[in-house]
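Architecture at a glance
Chain residues, written in single-letter form:
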Amino acid sequence: MLTVQICVGSSCFLRGAPAVINRMQELVEAHQLAGRLTLKGSFCMEQCTKGGVTMRLGDELLTGIKCEELPHLFETKILPALRG
Ligand code: FES
């Protein structure tokens, strides 16, 4: 099970965390990953100055994430991580 934590601290919230969460949920459904990938909200990850939204993918911290980057992120990080 892969856990993706999305920061919903006030800075990330204002920079689009709700839209990022919605898009992530759509992508999880589209890739039929329910049960293999868990989405969680997180308090501030202390990366507020990096722009965009912060998320943690397993042990990896990703900063400056924007909604339109999520399909690419799935292809390059999330799907490979699930394949192990
Ligand atoms: S609010 Fe997201 S890193 Fe601070």
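Residues numbered from 1 in each chain as written. Predicted model: local features only at pLDDT ≥ 70, side-chain atom pairs only at ≥ 80, totals over all residues. Heavy atoms only, no water.

**Section: helix α3 (residues 70-83)**
Residues spaced three or four apart along an α-helix point in a common direction, a consequence of the helix completing one turn every 3.6 residues. Under the convention used in this document: For helices the rule is a DSSP run of H or I covering at least 4 residues; for strands it is a run of E covering at least 2, with both sets numbered from the N terminus onward. Multiply 1.5 Å by the residue count of a helix minus one, and that product is the helix's expected span. Note that bend, as reported per residue, equals the angle between axes fitted to the 7 residues terminating at that residue and the 7 residues originating from it. Only protein chains enter the calculation, and the probe is 1.4 Å; a residue is then buried if its accessible area is under 20% of its type maximum, exposed if over 50%, and partly exposed in between. Contacts are assigned to residue pairs with any non-hydrogen atoms lying within 4.5 Å of each other.
Counted at 1.5 Å a residue, the expected span for α3 with its 14 residues is 20 Å, and the 18 Å between its end C-alpha atoms agrees. T76 marks the point of greatest bend in α3, at about 30°, and the proline P80 comes within the next four residues. All of the buried residues along α3 are L70, L73, F74, I78, L79 and L82. Buried residues belonging to α3 abut β1 (2-7), α2 (17-30), β2 (37-42), β3 (53-57) and β4 (60-65).

**Focus: the sheet that holds β2**
Inclusion rule: Only strands joined by at least two bridges in the DSSP assignment are considered to pair. Fitting a line to C-alpha atoms yields each axis, with helices limited to the stretch in contact; the angle taken between N-to-C directions then spans 0 to 180 degrees.
In space, the four strands of this open sheet follow the order β2-β1-β3-β4, with mixed pairing throughout. The sheet is open, and its two edges are formed by β2 and β4, each paired on a single side. Averaged over all pairs of adjacent strands, the angle between their axes in this sheet comes to 20°, without regard to strand direction.

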